[in-house]
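Residues per chain, in single letters:
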Amino acid sequence: PLKTSVEQLTQYDNLRIFPKPLFFFFYFIFFIIEGAHLACVLKKHPALDSVLHLFPENVLVSGEENIPGLVASPTGDALLKPQTLKTLPFTLNRLTISLQPSLEKFESQLLQLINADCQNTIQPGSDGAIRTVVIQERRLHVGVHNGWCFLEKPQVVVLDTVLSRAEFSAKIHSNASVSTSSQPQILGLRSSLELRLTNHQALAIIFQLEYVFSTPIGRETMLSATSTSRAAFLHSLRWGIWCPFQEPAEWKGEEIQLVLQGGAKPNPHGAMVYSTEMSAKAQSPAPISAPGTAQVIQWHRRMLFNFAHLEMDLQQGGGDSASLHDEGDQLQELPFTPVHAPVITLGMNVPSSCSVSSRSSLAHLFSAGFPDIVDSSGQVAEVLDPTEPLPFDPNREENDLQGNLLVFQFLAFTRIAAPGVGPDWPENIYFTFQFYRFPPVTSQRLKLLTGDKVHPLSPSSGSPGLQLQFRVDDSFLKPGEKRWFLRYLALHAMHIDIWDSDSLLLIGSTAIELKYMLRQCKSAVQALHEVEVLTTDYVGEDTLLTNRDLGRHSASSPMTVHTIVRGRLHIRTGNIGKYRKTELQLYCSIVTFLLWHNNTNVAKKATILLNILKELFLNKPGDSDRKLKCMAAVREREASEDAKTAKVEAQSKKAQLANPSEAKSKAESIANMLSQAITTQHLLYASLGSAEYMEFVLKNPFNVPETVTIHSDDPELSVITNTEEWRYFKALTRTPTPLEENMFHLEQGAPGPRVYLRPKESLHVPLKYQSFLCDHTMALQKETGQKWHPWKIFTFSPQVTFKAEDGKPMAICQVNVEPTPHVVDQTFRLYHPELCFLKKAIRLPVWHDPAPGEPQDVYLKVPGSPSPHIKMFFVMVFTDKWMAAPSQIWQIYVHFLERVDVSCVTGQRSCQSLVLRGTQAIRKVKCFSSHPGEIEVDPAGVFVLPPAAVQELQLKVQPWQAGSRFLYVNAVDVEQQRLVTAWLLCLNVHRPVLSKAFEVCVPVGGGRGSSRKITYTNPYTSSRTFLLRSDHPDLLQFKEDKFQIRGGESYTIGLRFATSQSPGSVDILVYVNNLEEKTEETFCVKVNYS
């Protein structure tokens, strides 16, 4: 007996025992043996800490047990050094629950039973008042179970009721009788559910349907009183399990269907589950002939549960091509289309400027009387063709001594029909753009005049068209800037935004190439551009949800990018050369401004300068001696004035020194004078993102060697210590000074780099100033109403101090930085829901030869803000290694709007309420939508919004295109032409359930088209009026858009199909709606053009 007991004991020598079940271990295994004893040692096993979530507490577990989630050990003991399998992210999409016979009947019967049961809780002697129990919330618990326990606490999500089964593509069915309703209500999860799973056959996903009930609290109830007027309690109604990795695992891309169970049966949650007589009879679910049926999961208590397959979409979070069977290999990232589809920059594909307008339209356009672009002598400027290549000589352009008067003439706009908008949209427009480093421009309101197709633009007064001029000459350009300005004209395209003046909605954007404004020493040039106005739309595709072949849709599928042409803009550009007489007028205007200066000395100098300028420019070129004499006289007068001023300042300083309370200390004055003596000043014109290179000549004045420490008080002003970077900037700036390898010594914790100097030695120290901070006052002055003054200078002076070994300064380099406005290559306006992170990709233009098929995107992630806040920032794109100058500067506006989610079906009207709150002043407001053909706003006209008032708006949404879309609604102050508030409508549009399908053939080419008939029967017993709608009104016309028939009678619908110029096929949906625009039936007509 002892041997047998010892053998039995050795079978459990690898047990990992928790303290609490130790008593039961001895009780069930051992018995009394005379003359024998047992020594037990209880030790901790820290290695189990990382796997304790794989099995519950207080259980006996051996290393030979099959514990899903653990890596099998070659020694046979997986708990000795346990290792967990890798978990992969999965997404559970578009999940719904159908309760039979219908959701309404199921919940009605449930409430009747619960209300009857609650009557038993009424205390004797009460008034007998009925306390009705209502359903407060519907929940679904979803967790991952390995047969021992839940790997994580199950997630609890709230389910919503859905009116139509077309709202979702996946269903979870109850095990009750077959549905008898045509379109029953169902419970659905609108968002996706993230799970982390391990590839193991015994792993299961557990679903538990739970309802939250509430009942009023009174004296007669036995429920405990709380602070609210109703008490809530929970009850489980159904549950089900699914093993996704049991063979064969063919659930990828398929819809999975699971039978939920109820009644008094064991379940992983250990909860009592609701059961009715009808559901209790169907204890075992019917088998389903689909992959994954008849699966069995074994629990640690050896309990068996049969289940069918789940109908939903489960996708791995890393892509479909990732292998689930190789747990040890690193997953390789594959190319994919991001969900936030990229915004295409206009710089990489400038809209075509070739003319597509007919000759009659162009003749009508130029008969409007636009002003001509003429040179200084009155001759019409030479016309350049923007469709032909332009020869360009940079040296010839730089040597041109004339100034440039650049002219932009906005002539006309061509409307292009688009779905959702009327044929007369837009009626009024305005433009926003920025040319070079001039301030941003917001044009005046322009009206589209009547025309055949091309509509000339007209301001409120004056000649037709809008002409804007920009003068660029030596008075505007900084020293050495002319070369960069000519490079800007030769390589850049100017971005233009076109807006609707009435609704303040963005119509689209375009870009025009500026290289046709290069004169090449000609007196004047001009070019006529006809460019497309483009906008980007993002649509998430949707399918017919009742069709199993087409219903495989994932919530994480990428958005489809659509580039829509909203119109064509006719714009004429020109460049007029201006001679020095015009420069004299400019100089005289500046001096005249100085004459009105409050300072008397400035006014005196301005008077002298004005006289000299007149003599300098108006006299003959050969009279050089007189000009020199005049300039010498000016300097002599200025010197005498400066001497008088210096004498007055010296007397003032002497008076200050006589008063000890106002004068500075003598030591500080001496130190300031010595500091100024060793200070060298440089003037720098800096722009955003551009690196300005300079070299400082540092000399050792001593007869002994010195190790100099270089310290900058501003991180934007730094020392170039990398030899390759130094060589790059010397070549870029054509600096002929010598370059030394390894000139600087860098130490960690030192205030700056150090350089060794021999006695009396001089060397060149490379410095770089580069700032990525922008003063937004220049960029936003068009919104704040500030005027732009080119002579207004905002300077600051960072310093670089060169200190000797004793810590005293040897030399100081003071850089006086004068910020200049930067060039904006393109403006992006992004709209996003408030308080949500914006994730957007912007595709880079092709500046060099990239790898084929590999576009480069810039990904943005912007934190959200409350509505209606607007965030503005700049993005600089560099193409060189050392970031000398940005190749592109993007100005990005992010409009955070109030989000409104609308779920609807195509062809059917859905109503949504909005709340508009008044401001501090009374306003006259009108609401506009981006798609007037699909969204109607009530009230439609102008209404008065009192201060601090609340106005309810009714939206009537009737979309014609399925998928996820974004639409906009603006409330505009019609008097001030200002935006009051804006909404972002996130539409989730589904296809309707089709009743019938037809097919028709229509000939291609000219002709009268084709006529057909469809018979429709009124399903009601009373007379009804119906409306006919189509998602392609340009291809299909009805004989009558409205008809009335008696109950049970039939009506013949007359259809007229238009011809097409090209062969192909298209599906046209015909909607039969009632007077409330609710769809009664939907027909699909496939039209084959052959």
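Residues numbered from 1 in each chain as written. Predicted model: local features only at pLDDT ≥ 70, side-chain atom pairs only at ≥ 80, totals over all residues. Heavy atoms only, no water.

By the naming in an unreviewed UniProt entry, the protein chain is Nephrocystin 4, taken from Neolamprologus brichardi.

## Side note on the overall build of the protein chain
Here is the rule: A run of DSSP states H or I qualifies as a helix once it reaches four residues; a run of E qualifies as a strand once it reaches two. Both are numbered from the N-terminal end. Under the scheme applied here, a residue whose accessible area is under 20% of the maximum for its type counts as buried, over 50% as exposed, and between as partly exposed, the area being computed with a 1.4 Å probe on protein chains only. Throughout, a residue-residue contact means that at least one pair of heavy atoms, one from each residue, lies within 4.5 Å. Methods summary: accessible areas were calculated by the Shrake-Rupley approach with a probe of 1.4 Å, and residue burial reflects only the protein chains presented.
Within the protein chain one finds 14 helices and 57 strands. Out of the 1090 residues belonging to the protein chain, those deemed buried represent 44%. For the protein chain, the proportion of contacts with a sequence separation of at least 24, taken over those separated by at least 6, is 73%. Working note: accessible area of the protein chain is about 58800 Å², and carbon and sulfur atoms make up 53% of it.

## Observations regarding the packing of aromatic side chains
Stated formally: Any Phe, Tyr or Trp ring, taking Trp's six-membered ring, that has another such ring centre within 6.5 Å forms a pair; planes under 30 degrees apart are called stacked, those over 60 apart edge-to-face, and the others tilted.
As enumerated under the stated definition, the model contains 31 aromatic pairs in all. When the centroid spacing of 6.2 Å and the interplanar angle of 50° are considered together, the rings of F408 and F433 count as tilted. Placement of F408 in strand β19 (residues 403-415) and of F433 in strand β20 (residues 428-433) is noted, with a sequence separation of 25 residues between them. Comparing F408 with F433 shows no difference in burial state: the two are buried.

## Observations concerning the sheet that holds strand β30 (residues 692-699)
Put simply, the test is: Two strands make a pair as long as DSSP finds a minimum of two bridges between them. As a rule, the C-alpha atoms of each element are fitted with a line to give its axis, helices using only the stretch in contact, and angles between N-to-C directions run from 0 to 180 degrees.
In spatial order, the strands read β30-β35-β32; together these three strands make up an open sheet with antiparallel pairing. Unpaired on one side and paired on the other, β30 and β32 (717-719) mark the two borders of the sheet. Taken pair by pair, the neighbouring strands of this sheet meet at an average axis angle of 35°, ignoring direction. Strand direction decides the pairing type here: β30 and strand β35 (residues 762-769), joined by eight bridges, are antiparallel. Bridged to K699 within β35 is S762. Where helix α12 (residues 723-733) meets the sheet, it contacts β30 and β35, and its direction lies at approximately 110° from that of β30.

## Some words on the environment of P89
Counting through the fold element by element, P89 comes out in strand β3 (residues 88-93). Spatially, the C-alpha atom of P89 lies 9.1 Å from that of T198, the residues being 109 residues apart in sequence.

## So, unusual backbone geometry
For residues that are not glycine, phi is negative in most cases, and the peptide bond is trans in most cases. With omega at -5°, the peptide bond leading from W425 into P426 counts as cis. With respect to the helices, strands and loops of the structure, P426 is situated in the loop between β19 and β20. The phi dihedral of L835 is positive, around 60°, even though this residue is not glycine. The phi dihedral of A948 is positive, around 60°, even though this residue is not glycine. With respect to the secondary-structure elements, A948 resides in the loop between β46 (943-945) and β47 (950-957). Overall, A948 belongs to the exposed group, its relative accessible area being 67%.

## Some points on the sheet that holds β47
Pairing is antiparallel across the open sheet formed by three strands, whose spatial order is β43-β47-β45. Both outer strands of the open sheet, β43 (910-917) and β45 (935-938), are each paired with one neighbouring strand and no more. Ignoring strand direction, the axes of neighbouring strands in this sheet form an average angle of 25°.

## Considerations on helix α3 (residues 103-118)
Note the cut-off: What a helix should span is 1.5 Å times the count of its residues minus one. What the arc describes is the spread of directions from the helix axis to the C-beta atoms.
Taking 1.5 Å as the rise per residue, α3 with 16 residues should run 22 Å; its terminal C-alpha atoms sit 22 Å apart, in good agreement. Turning to α3, its buried residues are L103, F106, E107, L110, I114 and N115. Down the axis of α3, the buried set is contained in an arc of 155°. They therefore lie on one face. Exposed side chains of α3 directed beyond 90 degrees from the buried face belong to K105 and Q112.

## Considering the pattern of salt bridges
Oppositely charged side chains can pair when the atoms bearing their charge come close. What counts is decided by this rule: The term salt bridge refers to a pairing of a side-chain nitrogen on Lys or Arg with a carboxyl oxygen on Asp or Glu at a separation within 4 Å.
Using the criterion set out here, one finds 23 salt bridges in the structure. Taking the shortest distance from any N to any O, the salt bridge between E741 and R727 comes out at 2.8 Å. Placement of E741 in the loop between α12 and β33 (744-745) and of R727 in helix α12 is noted, with a sequence separation of 14 residues between them. A residue is classified by how much of its surface remains accessible, and R727, at 41% relative accessible area, is partly exposed. Within this structure, E137, R139 and E210 form a network of salt bridges that share partners.

## So, the pairing of strand β11 (residues 204-216)
Among the 13 residues in β11, 13 count as buried, and that is most of the element. Burial along β11 is two-sided: A204, I206, Q208, E210, V212, S214 and P216 facing one way and I205, F207, L209, Y211, F213 and T215 facing the other are all buried. In terms of strand pairing, strand β5 (residues 134-145) meets β11 through eleven bridges, oriented antiparallel. By the bridge assignment, R138 is partnered in β11 with Y211.

## Focus on the nonpolar core
Which entries qualify depends on this criterion: Definition of nonpolar core: a set of buried residues of the types Ala, Val, Leu, Ile, Met, Phe, Trp, Tyr and Cys, connected through side-chain atoms within 4.5 Å. An automatic or database domain assignment supplies the start and end points of every domain.
Judged by nonpolar contacts, the single largest core of 46 residues is most densely connected at I97 and Y211. Of all the elements in the fold, those that place two or more residues in this core are β3, β4 (95-98), α3, β5, β9 (186-189), β10 (193-197), β11 and β12 (230-242). With five residues, β11 is the single largest residue contributor to this core. Counting only domains with at least three residues in this core, you end up with domain 1 (10-85) and domain 2 (93-116 + 132-164 + 184-216 + 231-247 + 256-274). The residues touching Y211, leaving out its near neighbours within four places in the chain, are L99, L103, E107, L110, I135, E137, R138, L187, F233, L234, H235 and L237. Counting residues in each nonpolar core, the second largest holds 37 residues, with F435, I496, I498 and V531 among its members.

## Side note on the environment of K760
Here K760 shows up in the loop between β34 (754-757) and β35. Residue classification places K760 among the partly exposed residues on the basis of a relative accessible area of 46%. Along the sequence, K760 and E706 sit 54 residues apart, while their C-alpha atoms lie 9.8 Å from each other. Beyond its immediate stretch of four places on either side in the chain, K760 contacts K699, N700, P701, F702 and N703.

## Regarding the side chain of R566
The following threshold applies: Polar contacts, as counted here, are pairs of nitrogen or oxygen atoms within 3.5 Å of one another; within protein the pair requires one atom able to donate a hydrogen and one able to accept it, and residues that are adjacent in sequence qualify only if both atoms are side-chain atoms.
Tracing the backbone shows R566 in strand β28 (residues 560-578). Residue class for R566 comes out buried when judged on its relative accessible area of 14%. For R566, the side chain forms a polar contact with the main-chain oxygen of I507, separated by 3.5 Å.

## So, the confidence of the model for the protein chain
Heads up, the condition is: As a per-residue measure, pLDDT reflects the predictor's confidence and takes values from 0 up to 100.
Looking at the protein chain, the pLDDT average stands at 76 and 72% of residues meet or exceed 70. Counting interchain partners and residues more than four positions distant, the pLDDT-below-50 stretch residues 219-228 has 19 contacts.

## A short note on helix α11 (residues 666-677)
For α11, spanning twelve residues, the distance from its first C-alpha to its last is 17 Å, which sits close to the expected 16 Å at 1.5 Å a residue. Counting buried residues along α11, only zero of its twelve residues qualify, which leaves the element largely exposed.

## Concerning the side chain of E481
On the secondary structure map, E481 appears in the loop between β24 (466-472) and α7 (482-491). The class of E481 is buried, set by a relative accessible area of 9%. Only 2.6 Å separates the side chain of E481 from the side chain of R437, close enough to count as a polar contact.

## Side note on the environment of K699
Within the secondary structure, K699 is located in strand β30. Separated by 62 residues in sequence, K699 and E761 place their C-alpha atoms 5.7 Å apart.

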